[in-house]
Amino acid sequence: DPERPAHVDGSPPSKIAVVGAGIGGSATAHFLRQHFGPEVQVDVFEKGEVGGRLATVTVNHNDYESGGSIIHSLNLHMQEFLKHLGLKYRRNVAGKTAVFNGEEVILEETDWYLLDLFRLWWRYGISFIRLQMWVEEIMEKFMRIYKYQAHGYAFSSVEELLDSLGGSGFINMTRRPLSDSLLELGVSQRFIDEVIAPVMRVNYGQNVSIPAFIGAVSLAGAQNNLWAVEGGNKLVCSGLLKMANANLLQAQVNTISPVQSGDSIQYQLSYTTATGTGTELYDIVVLAAPLQNSVKSGVQFQGFAPPFDHLPRDYHSTVATIVHGYLNTSFFGFPDPRLFPFTSILTTETPDVFFNSVASVCPVNISAGFRRKQPQEAGVYKVFSPQPLDKSQLKTLFRSYYSVQVTEWQAYPCYGGSQGMPAVELHPNLYYLNGIEWAASAMEMSSVAAKNIALLAYHRWNRQTDMVDQRDLMHRIKTEL
Ligand SMILES: Cc1cc2nc3c(=O)[nH]c(=O)nc-3n(C[C@H](O)[C@H](O)[C@H](O)COP(=O)(O)OP(=O)(O)OC[C@H]3O[C@@H](n4cnc5c(N)ncnc54)[C@H](O)[C@@H]3O)c2cc1C
Ligand SMILES: CC(C)=CCC/C(C)=C/CC/C(C)=C/CSC[C@H](N)C(=O)O
């Protein structure tokens, strides 16, 4: 690559910038430190709060997750972070889920696993077993990434990364509607409408025409082996920045422009802080914030055009409303709240249903002896909806309430369509992390992308082409010591 500056003398970079201190940017800072060593200066720019889409709100002296909340037991980067940081797991407190179609509860969990299985089989045939096997197989292939990354392999694009894990099957899954894949698998339309669609609504606020790959990730997020971080998931971000010995700059990056200096290229970042503006030069830059207009990162590129004709479609608005009050169980067909057995209600795709889900939520610090509130008591609930709830909608869901806190997120990509993934390499030493969200948006996906970019930046800097985009990695790593 003639454009790429040679660092054949082996000199390490002296300054690296990361834009964004969500889980993607914080994990990038951590992995960059691991790979480039203790000498390099790592500056992390954050215009808002450390954590980004990992955030909490306080209700009645307790904190609750308002953004990214659950982590899968096989999300190994997130697990590693916890171990390194000495943070603790917070397990999901068991509770029962039901599906509501706007008029009545059409599916409910019971206390008996066998009875639930029997009911599912009775209603949907063997759809749920087929589905479980499908998700397991995808998870198993996805987990190859940890081995590849442990061996130091990197990928120059999201497509290359997915291809190495699941071949063209994975790439096709990013382009094909979930419903088509499931019907082909033999999953019944009724199961799709009554189970799959409600899961897609609660997790990604979208319908079953989202691509099959993100659909599979969403289904993994509905399994029962989930956890969160005691004290709040955002603690991982602040912990990683500290462990990486990164300099956190409370500033909005406005422009990034390449500057030729001798044989090499550096990047000038211009930024705004609370007290003024500044510029700074870096050898390597990682952009760990979505670039779509609706997300308002505000970053402009000057002096070059990044290699996307146009960015894929926009981000999807999801509103998280945290209510402290009394659930109106009558609305779900249970006039006596003492007889309401559910902690989460999911909804089907029905025109009049104005919310995606409502669930009783636990605080991020669960003390010993914690118990969920009964529906006849005042409790804390999280409602996901595409639009902010108006007064009458709140009155429909709650008999009365003490407080309402609303967070409007530009939450995840608007999935669908067959656009490709945004590039990872925007310029020789300028990388973009959040393209991976177009395959699937989750904490672990940003962490996988962070490790990949740190490895890629390291190999590119040292011109180690044999560690990038290698084929047949399963076979190769078996033969490596
Ligand atoms: C409501 C909700 C629920 C979710 N639930 C889950 C879940 O249960 N499990 C799961 O795994 N995932 C979940 N997710 C998805 C998950 O939260 C995201 O995929 C993940 O947090 C993305 O992290 P990130 O660091 O890549 O991006 P972000 O968290 O968006 O971080 C980007 C950061 O960059 C900063 N920034 C932007 N522009 C600039 C600039 N110009 N200069 C400086 N800083 C800038 C932003 O302020 C932000 O802090 C959920 C998301 C939402 C919104
Ligand atoms: C990346 C892989 C392989 C698995 C991740 C599975 C996972 C944890 C998916 C979560 C998806 C997601 C965006 C959930 C949002 S809503 C979460 C929860 N129901 C809530 O109430 O906040």
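Residues numbered from 1 in each chain as written. Chains lettered and ligands numbered in written order. Predicted model: local features only at pLDDT ≥ 70, side-chain atom pairs only at ≥ 80, totals over all residues. Heavy atoms only, no water.

Stated precisely, the cut-off is as follows: UniProt positions are given in the numbering used here, feature names are shortened, and annotations may be inferred rather than shown by experiment.
Labelled according to an unreviewed UniProt entry, the protein appears under the name Prenylcysteine oxidase-like, originating from Channa argus. On record in UniProt, under Sequence similarities (unreviewed entry), the comment for the protein is "Belongs to the prenylcysteine oxidase family."

### Quick word on the site of ligand 1
For the record, the criterion: We define proximity as follows: a residue is near a molecule or strand when any one of its heavy atoms falls within 4 Å of that partner. Nitrogen and oxygen atoms within 3.5 Å of one another constitute a polar contact, given that in protein one can donate a hydrogen and the other can accept it, and given that sequence-neighbouring residues count only through two side-chain atoms. Areas reported here follow the Shrake-Rupley algorithm with a probe of radius 1.4 Å; residue values treat only the protein chains shown as occluding. Segments assigned H or I by DSSP are reported as helices when at least four residues long, segments assigned E as strands when at least two residues long, and all are numbered from the N terminus.
In the vicinity of ligand 1 there are 37 residues, among which Gly24, Glu46, Arg53, Ile70 and Ser297 approach most closely. Separating an oxygen atom of ligand 1 from a backbone N or O atom of Ser69 is a distance of 3.0 Å. Contact with the protein chains hides 93% of the accessible area of ligand 1, taken as 1000 Å² for the molecule alone. Going through the elements one at a time, helix H1 (23-36), strand S2 (41-46), strand S11 (252-261), strand S20 (398-413) and helix H12 (443-461) are the ones with two or more residues in the shell around ligand 1. At three residues, S20 tops the list of elements feeding residues into the shell around ligand 1.

### Observations regarding the packing of aromatic side chains
What counts here: Two rings from Phe, Tyr or Trp (for Trp, the six-membered ring) form a pair when their centres sit within 6.5 Å of each other. Planes less than 30 degrees apart are called stacked, planes more than 60 degrees apart edge-to-face, and all others tilted. The cut-offs for exposure are 20% and 50% of the maximum accessible area for each residue type, with area from a 1.4 Å probe on protein chains only; residues under the lower value are buried, those over the upper are exposed, and the others partly exposed. Sitting over a ring, as applied to charges here, requires NZ of Lys or CZ of Arg to be within 6 Å of the ring centre and within 35 degrees of the ring normal.
The full count for this structure, using the stated rule, is 29 aromatic pairs. Look at Phe170 and Phe213: their rings are 5.2 Å apart centre to centre, the planes differ by 65°, and that puts the pair in the edge-to-face class. Taken together, the residues Phe170 in helix H6 (residues 158-173) and Phe213 in helix H9 (residues 212-220) connect sequence positions 43 residues apart. On the basis of relative accessible area, Phe170 is assigned to the buried category, the value being 2%. A ring pair is formed by Phe308 and Tyr432, whose centres lie 6.2 Å apart and whose planes are at 70°; its orientation type is edge-to-face. Taken together, the residues span a long stretch of sequence, with Phe308 in the loop between strand S15 (300-301) and strand S16 (315-327) and Tyr432 in strand S22 (residues 430-432) at a distance of 124 residues. In terms of burial, Phe308 and Tyr432 fall into one category: buried. What links up through ring pairs into an aromatic cluster is the set Phe100, Phe331, Phe332, Phe334, Phe340, Phe342, Phe354 and Phe355. Here the guanidinium or amino end of Lys15 rests over the ring plane of Tyr282, the centre of that ring lying 4.9 Å away. The residue whose ring lies beneath Arg91 is Tyr89, and the NZ or CZ to ring-centre distance is 5.3 Å.

### A closer look at the pattern of salt bridges
What counts, and what does not: In what follows, salt bridge is the name for a side-chain nitrogen of Lys or Arg lying within 4 Å of a carboxyl oxygen of Asp or Glu.
All chains considered together, the criterion is met by 13 salt bridges. In this structure, Arg123 engages Glu194 in a salt bridge whose closest nitrogen and oxygen atoms are separated by 2.9 Å. Pair noted here: Arg123 is in helix H3 (residues 113-124) and Glu194 is in helix H8 (residues 189-204), with a separation of 71 residues, a long-range link. Here Arg123 falls in the partly exposed class, since its relative accessible area comes to 27%. Ionic pairing is found between Glu425 and Arg460, a salt bridge with its closest N-O pair at 2.8 Å. With a gap of 35 residues between them, Glu425 in strand S21 (residues 425-427) and Arg460 in helix H12 connect regions that are remote in the sequence.

### Comments concerning the sheet that holds strand S5 (residues 71-72)
What counts is decided by this rule: Paired strands are those between which DSSP finds at least two bridges.
Sheet architecture is open: three strands sit in the order S5-S9-S6, paired in antiparallel fashion. Of all the strands in the sheet, the pair left with one neighbour each is S5 and strand S6 (89-91). Taken together, the two bridges between S5 and strand S9 (residues 226-229) define a ladder with antiparallel strand orientation. Bridge assignment links His72 to a residue of S9, and that residue is Leu226.

### So, the side chain of Ser257
The line we're drawing: In this analysis, two residues are considered to be in contact whenever any of their non-hydrogen atoms come within 4.5 Å of each other.
One can find Ser257 in strand S11. In this structure, Ser257 is in contact with Gln266, Tyr267, Gln268 and Gln302, ignoring residues within four places of it in sequence.

### A look at H9
The buried fraction of H9 amounts to eight of the nine residues, a majority that puts the element mostly inside the structure. Three or more residues of H9 are buried, namely Ala212, Phe213, Ile214, Gly215, Ala216, Ser218, Leu219 and Ala220.

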